[in-house]
Amino acid sequence: MHASPKYVWRWIRAHRNEGPLDRAIRIAVGIVLAPLGLFVLDGVGGAIGGLVVVGVGTLALITGATGFCLIYVPFGFSTVRDRRPAPSPGRRSYRDVRQDRRSAAGSSIG
């Protein structure tokens with residue numbers, strides 16, 4: 001069974017594991033390495049070292065553009081921050097309210 005490109009793209013967007021700084025660094029590295037390998041290290045002429053550097057730069061560009069790194073998956077690693085919004089100033093979070101209820105219940109027992 002072959003997954004359609006549309007499905008694959010949706011899956012990657014739903015499972016992003018690179019944060020904005022990680023993505024920016026990867027894109028910058030890719031922009032530097034790809035031309036470096038092609039022209040300075042003679043990847044155009046077929047030099048193996050240049051082609052390897054081009055490959056690494058291209059991989060960095062792709063992972064930076066998609067926000068998904070396949071190497072992170074087996075390790076459960078992610079640089080994406082938690083997407084829950086921070087509580088507004090003056091408003092108490094659900095966790096704070098629960099903690100207050102627990103401490104109040106514990107003090108009335110004794």
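Fair warning: this is a prediction, and the values are worked out from it, not measured in the lab.

So, how was this worked out
- Every chain is numbered on its own, with residues counted from 1 as its sequence reads.
- Thresholds applied to this predicted model are a pLDDT of at least 70 for local features of residues and 80 or more for the giving and counting of side-chain atom pairs; totals over whole chains, interfaces and linings are not thresholded and use all residues.
- To obtain the side-chain values, all non-hydrogen atoms of the structure were included, while hydrogens and water were left out.
- Note on definitions: salt bridges are taken to be side-chain nitrogens of Lys or Arg within 4 Å of carboxyl oxygens of Asp or Glu.
- The cut-offs for exposure are 20% and 50% of the maximum accessible area for each residue type, with area from a 1.4 Å probe on protein chains only; residues under the lower value are buried, those over the upper are exposed, and the others partly exposed.
- Numbering of helices and strands starts at the N terminus; helices are DSSP runs of H or I of at least 4 residues and strands are runs of E of at least 2.
- Each aromatic pair joins two rings of Phe, Tyr and Trp (for Trp, the six-membered one) with centres within 6.5 Å, and gets the label stacked for planes under 30 degrees apart, edge-to-face for over 60, and tilted for any other angle.
- Axis geometry follows a simple rule: fit a line to the C-alpha atoms, using only the stretch in contact for helices, then measure angles between N-to-C directions, giving values from 0 to 180 degrees.
- Put simply, angles under 35 degrees are roughly parallel, angles over 145 are roughly antiparallel, angles from 65 to 115 are roughly perpendicular, and the rest are oblique.
- Left-handed describes a crossing whose near helix is turned anticlockwise from the far helix by less than a right angle; the clockwise case is right-handed.
- Whether two residues are in contact is decided by their heavy atoms: any pair within 4.5 Å suffices.
- Polar here means any residue other than Ala, Val, Leu, Ile, Met, Phe, Trp, Tyr, Cys and Pro, which are nonpolar, and Asp, Glu, Lys and Arg, which are charged; Gly is therefore polar.
- Patch members must show over 30% relative accessible area and no salt bridge, and they are joined within 9 Å when carrying like charges or within 5 Å when they are nonpolar side chains of Val, Leu, Ile, Met, Phe, Trp or Tyr.
- Per-residue and other accessible areas follow the Shrake-Rupley method at a 1.4 Å probe size, with only the shown protein chains counted as cover for residues.
- We define a polar contact as two N or O atoms separated by no more than 3.5 Å, with the added condition that, inside protein, one atom must be a possible hydrogen donor and the other a possible acceptor, whereas residues neighbouring each other in sequence contribute only through side-chain atom pairs.

Colleague: Teacher, can you tell me more about the pattern of salt bridges here?
Modeller: In this structure the tally under the stated criterion is 2 salt bridges. Glu-18 is paired through a salt bridge with Arg-26; the nearest N and O atoms lie 3.2 Å apart. Accessibility assignment for this pair places Glu-18 and Arg-26 in one class, buried. Between Arg-26 and Asp-22 there is a salt bridge whose closest N-O contact spans 3.0 Å. Of this pair, Arg-26 and Asp-22 both sit in helix α2 (residues 20-40), 4 residues apart, which is roughly one turn of that helix. Asp-22 shares its class with Arg-26; the two are buried. In this structure, a network of salt bridges that share partners links the residues Glu-18, Asp-22 and Arg-26.

Colleague: Where do I start with the packing of aromatic side chains in this structure?
Modeller: One pair of aromatic rings is described through two measures. These are the centre distance and the angle between the planes. As enumerated under the stated definition, the model contains 1 aromatic pair in all. Each ring, one from Tyr-72 and one from Phe-77, has its centre 4.9 Å from the other, and the planes form 85°; the classification is edge-to-face.

Colleague: I'm lost on the packing of α2 against helix α3 (residues 48-66) in this one. Help?
Modeller: The relative placement of two packed helices is expressed as an angle between their axes plus a distance between the axes. Following both chains from N to C, one finds α2 and α3 inclined at 155°, their axes separated by 7 Å at the closest point. Comparing the axis directions of α2 and α3 gives the class roughly antiparallel. In the packing of α2 onto α3, the handedness of the crossing is left-handed. Seen from α2, the contacting residues are Arg-23, Arg-26, Ile-27, Val-29, Gly-30, Ile-31, Leu-33, Ala-34, Leu-36, Gly-37 and Leu-38; seen from α3, they are Gly-50, Val-53, Val-54, Val-56, Gly-57, Ala-60, Leu-61, Thr-63, Gly-64, Ala-65 and Thr-66. Residue composition of the contact of α2 with α3, grouped by class: 13 nonpolar, 7 polar and 2 charged.

Colleague: Before we go on, may I ask you to explain unusual backbone geometry in this structure?
Modeller: A positive phi angle is found at Asp-42, which is not glycine, with a value near 60°. Following the sequence through the fold, Asp-42 ends up in the loop between α2 and α3.

Colleague: In this structure, what is going on with the environment of Val-53? I would like to understand it.
Modeller: Within the element layout of this structure, Val-53 appears in helix α3. The spacing of Val-53 and Val-32 is 21 residues in sequence and 10.0 Å in space, taken between C-alpha atoms. When neighbours within four sequence positions are excluded, Val-53 is seen to be in contact with Leu-33, Leu-36, Gly-37 and Leu-41.

Colleague: Looking at this model, I keep getting lost on a nonpolar patch on the surface. Mind explaining?
Modeller: On the surface, Leu-36, Phe-39, Val-40, Leu-41 and Val-44 cluster together into a nonpolar patch covering about 500 Å² of accessible area. Mapped onto the fold, Val-40 is located in helix α2.

Colleague: Would you explain the side chain of Thr-66 in this entry?
Modeller: Tracing the chain through its elements places Thr-66 in helix α3. The class for Thr-66 is buried, based on a relative accessible area of 15%. Here the side chain of Thr-66 touches Phe-68 through a polar contact of 3.4 Å, landing on its backbone nitrogen. Ignoring anything within four residues of it in the chain, the contact list for Thr-66 reads Trp-9, Ile-12, Arg-16 and Arg-23.

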